[in-house]
Amino acid sequence: QVQLVESGGGLVQAGGSLRLSCAASGRTFRNYAMAWFRQAPGKEREFVAAISWSGGSRNYADFVKGRFTIFRDNAKNTVYLQMNSLKPEDTAVYYCAADPDRKKVATATQEYDSWGQGTQVTVSA
């Protein structure tokens, strides 16, 4: 497994932007596909975005298309989530996750075997 640490969360007004970062250590980062999930209070964890090892494949949940962008820097062992046009319903704890099947851009939580501790994103109306 790879160790993951998220950062960049915070409080922002609706319409604002945040960039989340997830730093990986312990294993070769380019051997993993990466993803972001989120979990709001009282709700199940849901898929947000995923990226293959090279960045050549990306997958987004419908509710973030056109607003969020996932990208990675393999030299820095980091994956990012750029979030624009944020809405109050985007409020959640955001988690990054690693999938050892590096070519996939899976949406199911069970495909990922490493998880970070999460970072809180709060969007005020």
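Details of the structure are given in the entry above.
Now for a description of the structure that goes with this document.

Thresholds, definitions, all that
Residues numbered from 1 in each chain as written. Predicted model: local features only at pLDDT ≥ 70, side-chain atom pairs only at ≥ 80, totals over all residues. Heavy atoms only, no water. Helix = DSSP H or I, 4+ residues; strand = E, 2+ residues; numbered from the N terminus. Rg over C-alpha atoms; globule rule 2.2 N^0.38 Å. Buried < 20%, exposed > 50% of the residue type's maximum accessible area, 1.4 Å probe, protein only. Contact = heavy atoms within 4.5 Å. Disulfide = S-S within 2.5 Å. Core = buried A, V, L, I, M, F, W, Y, C linked by side-chain atoms within 4.5 Å. Pairing = 2+ DSSP bridges.

Points about the overall build of the chain
A tally of regular secondary structure across the chain gives zero helices and 11 strands. Going residue by residue from the N terminus, the α and β elements of the chain occur as β-β-β-β-β-β-β-β-β-β-β. For the chain, whose C-alpha radius of gyration is 13 Å, the value lies close to the compact-globule estimate of 14 Å for 125 residues. Taking the principal axes of the C-alpha coordinates as reference, the chain spans close to 40 × 25 × 25 Å. When the 125 residues of the chain are sorted by exposure, 45% land in the buried category. Sequence-distant contacts in the chain: of pairs separated by 6 or more residues, those separated by 24 or more amount to 60%.

Considering the state of the cysteines
Scanning all chains against the criterion turns up one disulfide. Each sulfur of the disulfide joining Cys 22 and Cys 96 lies 1.9 Å from the other. Taking the sign of the S-S torsion, about 45 degrees here, the bridge from Cys 22 to Cys 96 comes out right-handed. Here Cys 22 is found in strand β3 (residues 18–25), whereas its partner Cys 96 is found in strand β9 (residues 92–99), with 74 residues between them in sequence. For Cys 96, a relative accessible area of 0% translates into the label buried.

Description of the nonpolar core
Within the largest apolar cluster, 37 residues are counted, with the highest numbers of intra-cluster contacts made by Met 34, Trp 36, Leu 81, Met 83 and Tyr 94. Every element with two or more residues in this core is listed here: β3, β4 (33–39), β5 (46–51), β7 (68–73), β8 (78–83), β9 and β11 (119–124).

Overview of the pairing of β5
Burial analysis of β5 places five of its six residues in the buried class, which makes it a mostly covered element. By the bridge criterion, five bridges tie β4 to β5 in an arrangement that is antiparallel. Opposite Ala 35, over in β5, you have Ala 50 as the bridge partner. Connecting the antiparallel pair β4 and β5 is a turn made up of six residues, with Gly 42 showing a positive phi of about 75 degrees. Strand direction decides the pairing type here: β5 and strand β6 (residues 58–60), joined by three bridges, are antiparallel. Bridging across to β6, Ile 51 finds its partner in Arg 58. Counted between consecutive antiparallel strands, the loop separating β5 from β6 contains six residues, among which Gly 55 sits at a positive phi close to 85 degrees.

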